[in-house]
Amino acid sequence: MKRILLVLLLFAPVLFAQKAPFACQSDLVVDLSDTLLGDIYLHRLGVGSCSGESPFSLEGFGNFRRRDTSAQRSRYDNWFGGILGKINRPLTCDSYLNFFLGGSWGEINIQGESTFDTNSLFLGMAWEHIHNNCFFGVAIAGGYLSQDRHYNDVHEDPQGVFLTPELTYAYQFNYPCNGPIFTSTLRYAGYFPHDYQHRETLGTLYVKERSPQFITLRGELSSPFRTNCIALEPYLGIAGRFQFDGNHVEGKRVQTNERFSDGIDSIIGYGLLGLRATKQQGCLDICANLEASYETDESWRILGDLNLNYRY
């Protein structure tokens, strides 16, 4: 029994080294899509709504995640920041079309062992429609996502395209008297890197291709109100995420030509708490959002954005 335990303890760091980079790549795709599309609409119900006469806006956003050590992976931190430019085009008095373009940069730190530098470039569009107390939103974004890792003279650079569309519906109770707002979102996120090497504790693993893909279903309840010159909207919600492809990494070890397959958690639930705020200052609408969440696989995340909307 002691020998078996000793073997397991010796093998545990190998498992950590194998799973942590793949798990953090999946988290990066999810975090980028959530942060990018989480506050993309300019005319949503509640205080997140900016003036219909705001054809130009500039947004800065950021995300930080920490995942603790578990039997599945080692601890790692993931952060990134970015900037986003938007152009808003009214179609009718209650429908809008937004175009956006931007990029992000950040870092993944795997338990002090090694780091990934991450970069992305993306573009997309969003359609918004408001009918009395109902809001409908459709958005899609896509672009290029790269990660660059140097470790023990081995260069690992998974890079590829990502795609993330979503559908959003919101309903405000007791309209138009600033009643509570229920919002539901269905979002897809997919990342398609190929042909890269991954550094292992026992050698180098060649990964021909991998396609982590996710479906996220999110529901939130918010309560908007005004205080002095600032409109505030605290909210809370729950969400679930399902990874339906790319959960197992397939490849071969370069030295031995041995096949390799390993997986990470495929179903994750989490709770979230956030606050939106809006203030009009001259020709600017200043909109901010801050959100914190905790997931069932022992990780927590904080994301936020600051939006500046110029009005004629």
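Residues numbered from 1 in each chain as written. Predicted model: local features only at pLDDT ≥ 70, side-chain atom pairs only at ≥ 80, totals over all residues. Heavy atoms only, no water.

Enquirer: Just checking my understanding: could you explain the packing of aromatic side chains for this structure?
Expert: Aromatic ring pairs are described here by two measures, namely the spacing of the ring centres and the angle between the planes. On inspection of all chains with the given rule, the structure shows seven aromatic pairs. Geometrically, the ring pair formed by Phe64 and Trp300 is tilted, given 5.5 Å between the ring centres and 50° between the ring planes. Linking Phe64 in strand β1 (residues 56-67) with Trp300 in strand β17 (residues 299-310), this pair joins segments that are 236 residues apart in sequence. A centroid spacing of 6.2 Å and a plane angle of 40° characterise the contact between Tyr188 and Phe244, whose relative ring orientation is tilted. Note that Tyr188 is positioned in strand β8 (residues 181-200) and Phe244 in strand β12 (residues 230-245), a separation of 56 residues in sequence. Classification of Tyr188 as buried rests on a relative accessible area of 16%. You can call Phe244 partly exposed: its relative accessible area is 42%. An aromatic cluster is present here, built from Phe61, Phe80 and Phe122 joined pairwise through their rings. The ring of Tyr235 carries Arg276 above its face, with NZ or CZ at 4.2 Å from the centroid. Above the ring of Tyr270, the side-chain terminus of Arg301 is found at 5.9 Å from the ring centroid. (Phe/Tyr/Trp six-rings, centres within 6.5 Å; stacked < 30°, edge-to-face > 60°. Helix = DSSP H or I, 4+ residues; strand = E, 2+ residues; numbered from the N terminus. Buried < 20%, exposed > 50% of the residue type's maximum accessible area, 1.4 Å probe, protein only. Lys NZ or Arg CZ within 6 Å of the ring centre and 35° of its normal.)

Enquirer: Help me out: how do you make sense of the side chain of Gln172 in this one?
Expert: Mapped onto the fold, Gln172 is located in strand β7 (residues 159-172). Judged by its relative accessible area of 6%, Gln172 falls in the buried class. Non-local contacts of Gln172, meaning those with residues more than four positions away in its chain, are made with Leu45, Asn133, Asn178, Gly179, Pro180, Ile181 and Pro224. (Contact = heavy atoms within 4.5 Å.)

Enquirer: Sorry, what's going on with the side chain of Asp31 here?
Expert: Within the element layout of this structure, Asp31 appears in helix α1 (residues 2-37). Here the side chain of Asp31 touches Asn78 through a polar contact of 3.3 Å, side chain to side chain. Polar contacts involving the side chain of Asp31 include one to the side chain of Arg301, which spans 2.8 Å. Among residues more than four places away in sequence, those in contact with Asp31 are Asn63, Arg65, Asn78, Phe80 and Arg301. (Polar contact = N/O pair within 3.5 Å; in protein donor to acceptor, adjacent residues only side chain to side chain.)

Enquirer: I tried to follow the confidence of the model for the protein chain on my own but got confused; where do I start?
Expert: Parts of the model with low pLDDT should not have their predicted coordinates read in detail. Considering every residue of the protein chain, the mean pLDDT works out to 82; 77% of them sit at 70 or more. Note on residues 1-17: pLDDT under 50 across the span, and 14 contacts to partners over four residues away in sequence or across chains. (pLDDT = per-residue confidence, 0-100.)

Enquirer: Would you explain the pairing of strand β15 (residues 267-281) in this entry?
Expert: Walk down a regular strand and you will see the side chains alternate between the two sheet faces. Here 13 bridges tie β12 to β15, and the two strands are oriented antiparallel to one another. If you follow Ala231 over to β15, its bridge partner there is Thr278. With twelve bridges joining them, β15 and strand β16 (residues 284-295) adopt antiparallel strand pairing. Note that in β16 the partner of Thr278 across the bridge is Cys287. From the end of β15 to the start of β16, which pair antiparallel, there are two residues, and Gly282 there has a positive phi angle of about 65°. (Pairing = 2+ DSSP bridges.)

Enquirer: Any chance you could explain the pattern of salt bridges here in plain terms?
Expert: Where charged atoms of side chains with opposite charge meet at close range, the side chains can pair. In total, this model carries 19 salt bridges according to the counting rule given. Two residues, Arg218 and Glu220, come together in a salt bridge whose shortest N-O distance is 2.9 Å. Neither residue differs from the other here; Arg218 and Glu220 are each classed as buried. When salt bridges with common partners are traced through the structure, they connect Asp27, Asp31, Asp34, Arg65, Arg67, Glu166, Arg187, Arg241, Glu295, Asp297 and Arg301 into a single cluster. (Salt bridge = Lys/Arg side-chain N within 4 Å of Asp/Glu carboxyl O.)

Enquirer: Even after reading the chapter, I still don't get unusual backbone geometry, so can you show me in this structure?
Expert: Peptide bonds are trans in most cases, and residues, glycine excluded, mostly fall at negative phi. A positive phi angle is found at Asn228, which is not glycine, with a value near 55°. Mapped onto the secondary structure, Asn228 falls in the loop between β11 (225-227) and β12. Asn228 gets classed as exposed once you look at its relative accessible area, which sits at 79%.

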